[in-house]
Amino acid sequence: MAGMASIRNIVILTGAGVSAESGIDTFRDGGGLWERHRVEDVATPEAFARDPELVLRFYDMRREAIQTRQPNAAHAALARLDAAWPGELLIVTQNVDDLHERAGANRVLHMHGEHLNAWCTACDARSPWRGPLIARPACPECGERALRPDIVWFGEMPYRMDEIFAALREADLFVSIGTSGAVYPAAGFVRNARDLGARTLELNLEPSQGTLWFDEARHGPATELVPAWVEEMLAG
Ligand code: OAD
């Protein structure tokens, strides 16, 4: 990208494509999660009210699976950028795995929640959680058996939108990595960032639904594109 020297503040949006090469299924690619499960059955508050066992089992399996996966070269490169970048930097991830953190990134915001948290609907506490929720364990804070996955379901508001918009306002560069651009509000960040004056870059296996909104788009696997881009950024 031309003019990288003028870039100080960066917002990076990541999606399932960043974790795909770690062996975590995406949602909308061929064979993706939403081909095998109906969103309305497992990822809405109504589904949880109707059939909590089905929903808890679905997330228990996903929580268990992510703990067997390892960060890949894309996560590692973003962690390297986070550690070295002198300006503001925020990795806004739609992913509910912990692979950015396990690669060593610190400035990470999980806008769709996290598999490794449980959320108590009785006392509102979030507790670190690695095991299953199907047996309705007690909340470590209040003792009620009212834990649910700390996942933002369809129809629920993503987390920490104020912080995300504050970062977008200050951003000189917005980079979207491994996301299809199908789910709002995240899919709209590229236009928000542009309107607020940032340059925009897409790194994705294929053109996303919003690809035309980006100043530049590079297409290929994240484990190739992201390390190369980070190298460019750190070279100045
Ligand atoms: P999607 O499954 O919709 O899109 C994944 C994107 O990653 C696609 O555009 C793929 O082309 C791309 N991709 C796949 N493999 C890749 C690779 N190796 N390198 C680079 N790109 C690759 O996933 P998201 O956009 O993250 O929400 O989905 C957004 C939200 O929809 C998720 O956070 C989830 C889902 O419903 C909730 O669960 C709340």
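Our subject is the structure listed above.
For clarity, every value in this text was computed on a predicted model and none was experimentally measured. (Residues numbered from 1 in each chain as written. Predicted model: local features only at pLDDT ≥ 70, side-chain atom pairs only at ≥ 80, totals over all residues. Heavy atoms only, no water.)

Visitor: What am I meant to see in the overall build of the chain here?
Guide: If you tally the helices and strands in the chain, you get ten helices and nine strands. Relative to the globule expectation of 18 Å for 236 residues, the C-alpha radius of gyration of the chain, 18 Å, shows essentially globular dimensions. Structurally, the chain occupies a C-alpha span of about 55 × 35 × 30 Å along its principal axes. When the 236 residues of the chain are sorted by exposure, 51% land in the buried category. As presented, the chain carries roughly 10,900 Å² of accessible surface, and 51% of it is formed by carbon and sulfur atoms. Side-chain charges of the chain comprise 23 positive and 34 negative groups, with the mean position of each set lying 2 Å from the other. (Helix = DSSP H or I, 4+ residues; strand = E, 2+ residues; numbered from the N terminus. Rg over C-alpha atoms; globule rule 2.2 N^0.38 Å. Buried < 20%, exposed > 50% of the residue type's maximum accessible area, 1.4 Å probe, protein only. Areas by Shrake-Rupley, 256 points an atom, 1.4 Å probe, with all protein chains shown as cover. Lys, Arg positive; Asp, Glu negative; His and termini not counted. Charge placed at Lys NZ, Arg CZ, Asp CG, Glu CD.)

Visitor: What should I look at first to understand the site of the ligand in this one?
Guide: The full set close to the ligand counts 24 residues, and F27, R28, H112, T179 and S180 are the nearest of them. For the ligand, the protein covers 95% of the area, taking 800 Å² as the surface of the free molecule. Considering each element in turn, the shell around the ligand owes the most residues, three residues, to helix α1 (residues 16–20). Looking at the shell around the ligand residue by residue, the classes come out as ten nonpolar, ten polar and four charged. (Near = heavy atom within 4 Å. Nonpolar A, V, L, I, M, F, W, Y, C, P; charged D, E, K, R; others polar.)

Visitor: Explain the nonpolar core to me, please; I cannot follow it from the model alone.
Guide: Here is a general trend for soluble globular proteins: nonpolar side chains tend to be buried in one another's company. Membership of the largest hydrophobic core comes to 25 residues, with the highest contact counts inside it found for I10, I12, V175, V226 and W229. Broken down by element, the residue count for this core peaks at six residues, all from helix α10 (residues 222–235). Setting aside residues no more than four positions away along its own chain, V175 makes contact with I10, V11, I12, L13, L201, L203 and W229. The next biggest cluster of nonpolar side chains, apart from the first, holds 21 residues, and it includes L56, A118, A146 and I151. (Core = buried A, V, L, I, M, F, W, Y, C linked by side-chain atoms within 4.5 Å. Contact = heavy atoms within 4.5 Å.)

Visitor: Quick question: what am I supposed to make of the environment of E88 here?
Guide: For E88, the location among the structural elements is in the loop between α6 (73–84) and β2 (89–93). In this structure E88 comes out as exposed when scored by relative accessible area, which is 54%. Separated by 60 residues in sequence, E88 and R28 have C-alpha atoms that sit 31 Å apart. The residues touching E88, leaving out its near neighbours within four places in the chain, are R8, N9, I10 and R107.

Visitor: Help me out: how do you make sense of the pairing of strand β4 (residues 113–120) in this one?
Guide: Consecutive side chains along a regular strand alternate between the two faces of the sheet. Most of β4 is tucked away, with seven of its eight residues classed as buried. Where β4 lies against strand β6 (residues 147–151), five bridges are found, and the strand directions are antiparallel. Pairing of G113 across the sheet is with I151, part of β6. As judged from the three bridges shared by β4 and strand β5 (residues 126–128), these two strands associate in the antiparallel manner. Pairing of N117 across the sheet is with P128, part of β5. (Pairing = 2+ DSSP bridges.)

Visitor: How should I be thinking about the pairing of β2 in this particular structure?
Guide: Burial analysis of β2 places five of its five residues in the buried class, which makes it a mostly covered element. Residues L89, I91 and T93 of β2 are buried on one face, and the alternating residues L90 and V92, pointing to the opposite face, are buried as well. Bridging between strand β1 (residues 10–14) and β2 involves five bridges; their strand directions are parallel. Paired with V11 across the two strands is L90, which belongs to β2. The sheet contact formed by β2 and strand β3 (residues 108–110) spans three bridges and is parallel. Following the sheet pairing, T93 is matched in β3 by H110.

Visitor: Help me understand the pattern of salt bridges in this model?
Guide: Once their charged atoms are close, side chains differing in charge can pair, the charge on each being opposite to the other. Tallying each qualifying case throughout the model produces 14 salt bridges. Measuring nitrogen to oxygen at the nearest pair gives 2.5 Å for the salt bridge that ties R107 to D82. Of the two residues, R107 sits in the loop between α7 (99–103) and β3 while D82 sits in helix α6, which places them 25 residues apart along the sequence. Among the salt bridges present, the one from E216 reaches R218, with a minimum N-O distance of 2.7 Å. Within this structure, R38, E40 and D41 form a network of salt bridges that share partners. (Salt bridge = Lys/Arg side-chain N within 4 Å of Asp/Glu carboxyl O.)

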